[in-house]
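Below, each chain spelled out in residue letters.
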Amino acid sequence: MRSQAANGDIFESGLMPYDEALSRILAGVSPVLESERVPLERACGRILHTSVVSAINVPAHTNSGVDGYALHAADIAEDGSARLVIKDTALAGEKYSGTIGRGECLRIMTGAAVPEPLDTVVMQEHVELVDGCIKLNYRYKAGKNVRHVGEDIKAGETVMAAGRRLTPPDVGLLASVGVCEVEVRRRLKVAVASTGNEVNLPGRPLPAGGLYDSNRYSLMAALSRPDIEIIDLGILPDSVDALLKSFNEAGECADVIISSGGVSVGEADFTKMALRQSGQVDFWRVAIKPGRPLAYGRIGAAAFFGLPGNPVAVMVTFYFFVLPALEKMLGITDKPIIPTFKARSSEDLRKLPGRTEVQRAIISRDENGEWQVRTTGRQGSGMLSSMSRANAFIILDHDSDRVSAGEWVDVKPFSALF
Ligand code: AMP
Ligand code: MG
């Protein structure tokens, strides 16, 4: 059923809401549970399969946080004054085994163990050196500048939970507890194809009626991450046999197949015909703009995503449907929060209720330091430049209609995605 909306756009009823499409997709995929051991040097970006428990305390010994003098706090008078004999020196990496009595202190470097019963370190900048003694005139609290054993991590503590996509500080933290190898999920195998007789490889002259393949490149770029192995299926012609052969082969080795093009209602939608024959694939009309047509199902052992052909629609459907599914399959359960926040729209935005709209936009801060957002202009789903110039999506929800300049809208910065 179609009705003509006041502003001339066609509004279609019977579209599947975005949320419903996403939950159906997520319900249809499950985590790949196989794992492998990798050295810590290659662990960043991989998904931790087994939680890591620390075998040691960090720091492993009570040590000095500064270069200075370790002493008995009881030797400092109420007014902050003290005069103490420098008995010896302790360097980082050594365990000082002598004893420091009352009225004495120990020259100590940052990181060197503070021997008991010394309890406080005064910074070298706070003392004067006189005849082998330090003269202090500075109120110090007992315990100052001492880093206690286990204050960062305690032996037996879980330092990293399974399901976490490891970040650079995570890798450093694992090293700090002495771990040199981790058990991570095996990489997800994702096959990528472009379809269409008009689609050509860049780097060669463009034949009449042709265009260069951008979809496979943007998709493979988006999939270039340590936890994914890409299988490049190339450009497939508009031929049911060719598509069937390629998809069926991929269905035997890949976890996921992503194709673009051929899922709309055009005359040459061979992908559709091939998919009808090769697996359980449904064709959905999802209430999202851009990216309404979407094919989803299974071919062999692989989850199949047939994305639209238009280059912006490909990217939007990838980030809004495929990526959440990949994350579920990768077993990511503990990931840094991806912010969606509010920014003030600098312009009026037209929108029809009844579908989620994803516009390409630039966020910046206004003169008061508030977030503002403007679109990158014309939003044709074939215009990849509108997305390349953008740094964020504006997400307008299903039911909203127009947005007036000055209103707050949801934005998702690309930095959280790319
Ligand atoms: P389709 O759904 O196959 O009719 O494709 C929709 C539009 O996207 C058409 O204008 C196609 O030429 C274009 N298109 C399809 N595949 C690609 C691709 N790999 N790279 C760039 N544009 C494409
Ligand atoms: Mg096509």
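Quick caveat: nothing in here was measured; it's all calculated off a predicted structure.

Now for the site of ligand 1. Not every one of the 15 residues close to ligand 1 is listed here, only the nearest: Glu 198, Asp 213, Ser 214, Gly 262 and Gly 309. Between Gly 309 and ligand 1, the recorded distance is 3.2 Å, taken from a backbone N or O atom to an oxygen atom. Within the complex, the protein chains bury 77% of what would otherwise be the 490 Å² of accessible surface of ligand 1. Taken together, the residues that form the shell around ligand 1 break down as four nonpolar, nine polar and two charged.

Ordered in space as S10-S7-S9-S8-S12-S11, the six strands form an open sheet in which the pairing is mixed. Since the sheet does not close on itself, it has two edges, and those belong to strand S10 (120-123) and strand S11 (127-130), each with one partner. The mean inter-strand angle of the sheet, taken between neighbouring strand axes irrespective of direction, is 40 degrees. As judged from the four bridges shared by strand S7 (residues 68-71) and S10, these two strands associate in the antiparallel manner. Bridge pairing in S10 places Gly 68 opposite Met 123.

This next bit is on the domain arrangement of the protein chain. Segmenting the protein chain into domains produces domain 1 (16-34 + 186-329), domain 2 (35-58 + 151-185), domain 3 (63-147) and domain 4 (341-416). Its C-alpha centre places domain 1 at a distance of 66 Å from the equivalent point of domain 3.

What follows deals with helix H1 (residues 18-27). If you check which residues of H1 are buried, you get Tyr 18, Ala 21, Leu 22 and Ile 25. Within H1, the buried residues cover an arc of 95 degrees as seen down the axis, which keeps them to one side. In H1, those exposed residues whose orientation departs by more than 90 degrees from the buried face are Asp 19 and Ala 27. The inward-facing, buried residues of H1 abut strand S3 (16-17), strand S21 (280-289), strand S22 (293-299), strand S23 (302-307), helix H6 (311-330) and strand S25 (356-365).

Remark: helix H3 (residues 215-222) packs on H6, axes separated minimally by 9 Å, with the N-to-C direction vectors making an angle of 25 degrees. Taken together, the axes of H3 and H6 lie roughly parallel to each other. The two elements H3 and H6 meet at a crossing, and its hand is right-handed. Where H3 approaches H6, its residues Asn 215, Ser 218, Leu 219 and Ala 222 are matched on the opposing element by Pro 311, Val 314, Met 315, Phe 318 and Tyr 319. Grouping the amino acids of the contact of H3 with H6 by side-chain chemistry returns seven nonpolar, two polar and no charged.

Cis geometry marks the peptide bond from Val 58 to Pro 59; its omega dihedral reads -5 degrees. Position of Pro 59 among the secondary structure elements: in the loop between strand S5 (52-53) and strand S6 (63-64). For the bond running from Glu 116 to Pro 117, omega is 5 degrees, close enough to zero to count as cis. Here Pro 117 shows up in the loop between strand S9 (104-108) and S10. For Asn 145, which is not a glycine, the phi torsion comes out positive at approximately 65 degrees. Relative to the helices and strands, Asn 145 is located in the loop between strand S12 (133-137) and strand S13 (146-147).

Calculation notes
- Residues numbered from 1 in each chain as written.
- Chains lettered and ligands numbered in written order.
- Predicted model: local features only at pLDDT ≥ 70, side-chain atom pairs only at ≥ 80, totals over all residues.
- Heavy atoms only, no water.
- Near = heavy atom within 4 Å.
- Polar contact = N/O pair within 3.5 Å; in protein donor to acceptor, adjacent residues only side chain to side chain.
- Areas by Shrake-Rupley, 256 points an atom, 1.4 Å probe, with all protein chains shown as cover.
- Nonpolar A, V, L, I, M, F, W, Y, C, P; charged D, E, K, R; others polar.
- Pairing = 2+ DSSP bridges.
- Helix = DSSP H or I, 4+ residues; strand = E, 2+ residues; numbered from the N terminus.
- Axes fitted to C-alpha atoms, helices over the stretch in contact; angles between N-to-C directions.
- Domains from an automatic or database assignment.
- Buried < 20%, exposed > 50% of the residue type's maximum accessible area, 1.4 Å probe, protein only.
- Arc of directions from axis to C-beta.
- Contact = heavy atoms within 4.5 Å.
- Parallel < 35°, antiparallel > 145°, perpendicular 65-115°, else oblique.
- Left-handed = near helix turned anticlockwise from the far one by under 90°.

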